[in-house]
Number of protein chains: 2
Amino acid sequence: MNEPRYFPPEKLREFTVRVFQSLGVPDDEARLAADVLAASDIRGIDSHGVARLHTYVDLLRAGRINPRPTITVVRESASTATVDGGNGLGLVVGPKANEIAMDKADKAGTGWVTVCNTNHYGIAGYYPLQALARDQIGWAMTNTTKGVAPLWGAERMLGTNPIAIAFPGNEEPAIVIDMATCAVAYGKIEIAHRAGKSIPTGWAIDKDGRDTTNPEDMMTDGALLPLGSDREHSGHKGYCLAVMVDVLCAVLSGANWGPFAPPFAIRQKPAERSVGKGIGHFFGAMRIDAFRDVAEFKAQIDDLVRTLRKTKPAPGTSGPLVPGDPEREAEQERSRTGIPVVPAVVEDLEDISRLTGIPLD
Amino acid sequence: MNEPRYFPPEKLREFTVRVFQSLGVPDDEARLAADVLAASDIRGIDSHGVARLHTYVDLLRAGRINPRPTITVVRESASTATVDGGNGLGLVVGPKANEIAMDKADKAGTGWVTVCNTNHYGIAGYYPLQALARDQIGWAMTNTTKGVAPLWGAERMLGTNPIAIAFPGNEEPAIVIDMATCAVAYGKIEIAHRAGKSIPTGWAIDKDGRDTTNPEDMMTDGALLPLGSDREHSGHKGYCLAVMVDVLCAVLSGANWGPFAPPFAIRQKPAERSVGKGIGHFFGAMRIDAFRDVAEFKAQIDDLVRTLRKTKPAPGTSGPLVPGDPEREAEQERSRTGIPVVPAVVEDLEDISRLTGIPLD
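Residues numbered from 1 in each chain as written. Chains lettered and ligands numbered in written order. Predicted model: local features only at pLDDT ≥ 70, side-chain atom pairs only at ≥ 80, totals over all residues.

> Explain the environment of His120 of chain A to me, using residue names and the numbers behind them.
Residue and element names in this part refer to chain A. Among the secondary structure elements, His120 is positioned in the loop between strand S4 (110-118) and helix H5 (126-132). Classification of His120 as buried rests on a count of 23 C-beta atoms within 10 Å. Residues His120 and Pro215, 95 residues apart in the sequence, show an inter-C-alpha distance of 25 Å. Here His120 is in contact with Gly90 and Phe264, once residues within four sequence places are set aside. (Helix = DSSP H or I, 4+ residues; strand = E, 2+ residues; numbered from the N terminus. Buried ≥ 20, exposed ≤ 12 C-beta atoms within 10 Å, placed from the backbone. Contact = placed C-beta atoms within 7 Å.)

> Requested: an account of the environment of Trp257 of chain B, with residues and values cited.
Locating Trp257 of chain B in the fold gives a position in the loop between helix H8 (235-251) and strand S10 (279-287). Considering only alpha carbons, one finds Trp257 of chain B and Arg231 of chain B, 26 residues apart in sequence, at a separation of 24 Å. When sequence neighbours within four positions are dropped, the list of residues in contact with Trp257 of chain B reads Leu304 of chain A together with Asn143, Asp246, Ala250, Val251, Val275 and Gly276 of chain B.

> I'd like a rundown of the interface of chain B and chain A, residues and numbers included.
Contacts between the two partners involve 69 residues from chain B and, on the opposite side, 69 residues from chain A. Put simply, the parts of the chain that give the side of chain B that touches chain A at least two residues each are strand S2 (72-77), strand S3 (80-84), strand S4 (110-118), strand S6 (163-167), strand S7 (175-179), H8 and helix H9 (294-309) of chain B. For the side of chain B that touches chain A, the element with the most residues is H9 of chain B, which contributes seven residues. Among the residues making up the side of chain B that touches chain A, the classes are represented as 39 nonpolar, 21 polar and nine charged. (Nonpolar A, V, L, I, M, F, W, Y, C, P; charged D, E, K, R; others polar.)

> Tell me about the relation of the copies chain B and chain A, and name the residues and values.
Note that the two copies of the chain are related through a rotation about an axis and a translation along the same axis. Superposing chain B onto chain A requires a rotation of 180° together with a translation of 0.0 Å along the rotation axis, leaving an RMSD of 0.0 Å. These values place the two chain copies in the arrangement generated by a two-fold rotation axis. Measuring from the rotation axis to each C-alpha of chain B, the shortest distance belongs to Gly228 of chain B, at 2.3 Å. Of the residues that chain B buries at the interface, 100% are likewise interface residues in chain A, meaning the two copies contact each other through the same surface. (Least-squares fit on C-alpha atoms with pLDDT ≥ 70 in both.)

> Please set out the sheet that holds S4 of chain B residue by residue, giving values where relevant.
All names here are of chain B. Reading across from one edge, S2-S3-S4-S10-S5-S6-S7 is the order of the seven strands in this open sheet, with mixed pairing throughout. Each of the sheet's edge strands pairs with one partner strand only, and the pair in question is S2 and S7. Geometrically, the sheet is characterised by an average inter-axis angle of 10° between neighbouring strands, direction not taken into account. Note: S4 against S10, seven bridges, orientation antiparallel. Bridging across to S10, Thr110 finds its partner in Met286. (Pairing = 2+ DSSP bridges. Axes fitted to C-alpha atoms, helices over the stretch in contact; angles between N-to-C directions.)

> Give a detailed account of unusual backbone geometry, specifying residues and quantitative values.
In this model, Asp135 of chain A sits at a positive phi of 55°, which is unusual for a non-glycine residue. You will see that Trp152 of chain B, though not glycine, has its phi angle at about 75°, which is positive. Mapped onto the fold, Trp152 of chain B is located in the loop between strand S5 (136-142) and S6.

> Just give me the short version of the pairing of S4 of chain B, but keep the residues and values in it.
Residue and element names in this part refer to chain B. Of all nine residues making up S4, nine are buried, and the element is well covered by its neighbours. As judged from the five bridges shared by S3 and S4, these two strands associate in the parallel manner. Of the residues in S4, the one forming a bridge with Val83 is Val115.

These values are about where atoms sit, not about what they do.
This is how it looks when you write it as structure tokens:
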């Protein structure tokens, strides 16, 4: 009864475009936003694709996101810019700010853009992929609503604050890193909860800051743990990374940081106080030939990828993956099968269809 | 019998300067190198200060490090440079390359420098501290000799590859992050070994790739695990970070990457093949006012630091620290007590004194 329904990628994308258009998003920008969500679905990151469309729709319909934002560069230098996203969709502000970073890199060797007054921007991994096409190394980070406790803390203070970066190969595929800085994604807690299963220690704490194996304890005012989990396994390092992302995205841009990042879902409690505008992103682009001959660089990435694949495998495994492998595998399969959408999300899409009048089928 | 001997910081530093001078390092550069080691000792990172002096001495005496390197910018753009360190001391090449990054940032907003043909550069955390003094955000990374297995690998393929970054506050101290990308430092394995204690699971594997609690298993052809440790706790993320550092430091600069990074200690086996020159570093500097008014930025960092300190503490703790706290605490104490040097390291220093003719006392 929980079998997914398979949609051709193009069909889901077209539906997404028309939904955004119907809510006042200009045509080009609706396409851009749909591209970002489609990249997530095709790459197997189900949590960040059309599964989130309803939330974007809610926020647009409630007037909480501006469908036609004025996106402004408020400060800049040869290699930097600070962008005010005009409270637009992160799915639109993100790609535009990322493009500013890439354009700066074309001229100054690198480009670094911090963004305030923006909203959830989809998967971080989408952005560095754009840089690859220009023979640049791409970086993307974003802060997000609080969900993670600092090491030795008993409450949510930081977001899952992902870091993405990608390096192009020549004959071998690119190294594409896209990782939240917490031990595991919230989605894993939800899955265990729905299945009535316990979770491993090291994933989450309850509302009093105690380690828990009950997913419900985390969901009821508990918190996720940072990458590394406890002191013994260097949970302070995941905490440090989350702080780094928060500062680059939000403190540097003038967005809300830490526990004050506004919630994504419309039903969540607003933040206790405002310390800036919206959430924040950070993009970087580095022209490879500003450092090294591009062909040489790519040949060395090929060599590195092959070397990593030749690592002696740990017992019971087929050896290390190369960052980006799982997403590439999903993309191959889904290009063939279509995008599997679970019944709950199909219902969401049907609801969006009713709300907007855009047919799903 | 294992009581440390306390040295005034100035005395250790002067000894270090004279030792480097005696081995042919020019005066200014000997001071620079001694500064980096002294910063480690005063900040409580005993593994990276004078405890390593003997290895630098060994390598200089063996002609494996050039005491008077020609440090060359081999490629550059407005915001970037690629530096060939001339096989000099990393303790000299590092500060000079870092300065190039900061100078670039003064002009272009940011500066990014990748370095090949260099050697071990001390603590990564030293470098961002230099940027703070110029109202810049500083970054430093370095690759290192292999010691860490990729997730699902059964052998050493990557270094402990640290990441450091620092953000200045105004009334509050700076946020200073300096972290290896593996679960724990090799030093912790050694300490357990010397004490005849077992180590927690999640720190290391044995030569067959199996989890082990016996420190000797790791030391005998085993490997450290990446931050996150196992698949369930996202060991792939620590692995991704180590790869990121390796590419930015070594693939981008033309240094040796992954398992081919040359060993630091003179007794270790040389790498299987050469894929570049020496090891690699990566430095970044971002002028804060290229993004945001400096006073505003610092006021927000103060607010963030205070907010983090007010986090509800987890049971049995006094609440989260701010990144940099442990090192600041050590610095305060050691400024008062002097630098505690354990007997094994005192013996090392006495041996260096015999070898170089520089008096320790």
